[in-house]
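For reference, the chains in residue letters:
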Amino acid sequence: MALMFFNGGAMRGEPLHHLLDGSPFVGTARTAAKYRFYAVGDQCPALYPVSHGGAEVTGEVYDVSLDDLRDKVLPSEPHELELGVVELTDGSSAFAMLLRRPYTSHAALRDITEVGDWRAYKASA
């Protein structure tokens, strides 16, 4: 099992939450203030690590089996994202989906770092 931070469509009440069936919910969490937060084509969120100018981002942590990560979660992610590791506010680490480096997609990026929460961004759009 691996701790995974989700901040978009796989969170509770979101359309991809079914991918986490059987994965225990650990709790809500926020990243350390080391990330910029983007809306990718207004379809999904993406974290991008930075050395300055980052902010905390809201999400949920689940204990996901590596098999589910391989077979369900990763195949559902858009090609603009890649698996990485983030730091949470308590100093612990978790897997998360990060903006692919280098970014080669044609999907527009909108910086939503000041919002810091995908649901709040969607509600304001």
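Relevant structure appears above.
It should be emphasised that the depicted structure is a prediction, and the values quoted were computed from it without experimental measurement.

**A few points about unusual backbone geometry**
Glycine aside, the phi torsion of most residues is negative, and most peptide linkages are trans. Of note, the bond from Arg101 into Pro102 is cis; its omega dihedral lies within 30 degrees of zero at -5°. Structurally, Pro102 is set in the loop between strand E7 (93–99) and strand E8 (109–111). Within the chain, Asp42 stands out as a residue other than glycine whose phi angle is a positive 55°. Turning to its location among the elements, Asp42 is positioned in the loop between strand E3 (35–40) and strand E4 (44–49).

**Considerations on the environment of Pro45**
By the secondary structure assignment, Pro45 is in strand E4. A sequence separation of 38 residues divides Pro45 from Asn7, and the C-alpha atoms of the two residues are 7.1 Å apart. Not counting chain neighbours up to four residues away, the residues in contact with Pro45 comprise Asn7, Gly8, Phe37, Tyr38, Leu81 and Trp118.

**Overview of the pairing of strand E6 (residues 81–87)**
As defined by bridge partners, E6 adjoins E7 across seven bridges and the pair is classed as antiparallel. The partner of Val85 across the bridge, within E7, is Phe95.

So, how was this worked out
Residues numbered from 1 in each chain as written. Predicted model: local features only at pLDDT ≥ 70, side-chain atom pairs only at ≥ 80, totals over all residues. Heavy atoms only, no water. Helix = DSSP H or I, 4+ residues; strand = E, 2+ residues; numbered from the N terminus. Contact = heavy atoms within 4.5 Å. Pairing = 2+ DSSP bridges.

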